[in-house]
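Working through the structure, step by step
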Amino acid sequence: MKKIEKIAESQTFSAVNVGKLGEISEYVLEMGPEIKIPGKVFVGQALQTTGSEFSFQVFQPGTETGFLHTHKNHEELYFFLKGNGEFQVDGHVFPVEEGSVVRVSPAGKRSVRNNGTEPLIMLCVQYKSNTFTAEDAMDGNILDEPVKW
């Protein structure tokens, strides 16, 4: 089973490597003795994120999530990085492929499947809904100092 590699860290940052996209299938998420999800890895804890969680997941051809799920408070963004398949939200089924992005509110009943012929690789970002404001959009500061490599 593949493990996340720590690259660097200090008080203000952390960096990890999960491997190449083709290696995501080597991870196994263990959610209990009987629940093991192949090809899924959560990365937020390894990075010490404080405002979101995210995971990479690969679906081999002919596989699917296998269940619908919702959240109490968290909205999710699904970024499809490779392959193609179908996404379902509240009974609406639509195609997804490399470059597709899907946002689902907490109450949306969601699931994914790979009905293609190559692995479907996605990145899912989970965060608390209704927290980003217009003020947050202006949160960044461009510093008046040179970049030194």
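Reference entry: report on the structure contained in this document.

Analysis parameters
Residues numbered from 1 in each chain as written. Predicted model: local features only at pLDDT ≥ 70, side-chain atom pairs only at ≥ 80, totals over all residues. Heavy atoms only, no water. Helix = DSSP H or I, 4+ residues; strand = E, 2+ residues; numbered from the N terminus. Buried < 20%, exposed > 50% of the residue type's maximum accessible area, 1.4 Å probe, protein only. Contact = heavy atoms within 4.5 Å. Areas by Shrake-Rupley, 256 points an atom, 1.4 Å probe, with all protein chains shown as cover. Lys, Arg positive; Asp, Glu negative; His and termini not counted. Charge placed at Lys NZ, Arg CZ, Asp CG, Glu CD. Phe/Tyr/Trp six-rings, centres within 6.5 Å; stacked < 30°, edge-to-face > 60°. Pairing = 2+ DSSP bridges. Axes fitted to C-alpha atoms, helices over the stretch in contact; angles between N-to-C directions. 1 Å grid on protein atoms, 1.4 Å probe; cavity = no way out; pocket = protein on both sides within 12 Å on 5 of 7 lines; lining within 4 Å. Points joined across faces, edges and corners; volume = space filled by probe spheres on them. Nonpolar A, V, L, I, M, F, W, Y, C, P; charged D, E, K, R; others polar.

Digging into the overall build of the protein
Across its full length, the protein carries 1 helix and 12 strands. Each helix and strand of the protein, placed in order from N terminus to C terminus, yields the pattern β-β-β-β-β-α-β-β-β-β-β-β-β. Each of the three principal axes of the protein carries a C-alpha extent, and together these read 50 × 35 × 30 Å. For the protein, the residues scored as buried account for 31% of the 149 residues in total. Long-range pairs, those at least 24 residues apart, make up 59% of the contacts in the protein with a sequence separation of at least 6. Carbon and sulfur atoms provide 52% of the accessible area of the protein, an area that totals close to 10,200 Å². Positive and negative charge centroids in the protein, built from 14 and 20 side chains respectively, lie 5 Å apart.

A word on the packing of aromatic side chains
Following the criterion strictly, the structure yields 4 aromatic pairs and no others. A centroid spacing of 6.2 Å and a plane angle of 75 degrees characterise the contact between phenylalanine 54 and phenylalanine 56, whose relative ring orientation is edge-to-face. Grouping residues by exposure puts phenylalanine 54 and phenylalanine 56 together as buried. A connected cluster of aromatic rings, assembled from ring pairs, spans Tyr78, Phe80, Phe87 and Phe94.

Considering the sheet that holds strand β7 (residues 74–82)
If you trace the 5 strands from one edge of the open sheet to the other, you get β5-β6-β12-β7-β10, paired in antiparallel fashion. Each edge of the sheet is formed by a strand with only one pairing partner; in this case those strands are β5 (40–42) and β10 (101–104). Strand-to-strand twist in this sheet, taken as the mean axis angle between neighbours without regard to direction, amounts to 15 degrees. In terms of strand pairing, β7 meets strand β12 (residues 120–128) through 8 bridges, oriented antiparallel. The partner of leucine 77 across the bridge, within β12, is valine 125.

Examining the sheet that holds strand β11 (residues 110–113)
Reading across the sheet, the 3 strands line up as β9-β8-β11 and stay open at both edges, with antiparallel pairing between neighbours. Of all strands in the sheet, those with a lone pairing partner are β9 (92–97) and β11, marking the two edges. With strand direction ignored, the average angle separating the axes of adjacent strands in the sheet is 25 degrees.

Digging into the layout of surface pockets
If a probe as big as a water molecule is rolled over the atoms, it shows which places are left empty. Of the volumes computed, that of the largest pocket is approximately 490 Å³. In this structure, the largest pocket is lined by 29 residues; those nearest its centre are Ile37, Lys40, Gln57, Thr65 and Phe67. No other element matches the 6 residues that strand β6 (residues 52–59) contributes to the lining of the largest pocket. Residues belonging to the lining of the largest pocket are distributed by class as follows: 13 nonpolar, 11 polar and 5 charged. As a volume, the second largest pocket reaches approximately 180 Å³. Lining the second largest pocket we find Met1, Lys2, Lys3, Ile4, Tyr27, Val28, Leu29, Lys40, Val41, Phe42, Gln45 and Ala46. Looking at the lining of the second largest pocket, the elements with two or more residues in it are β3 (28–30), β5 and α1 (44–47).

Function cannot be inferred from these measures alone, as they are strictly geometric.
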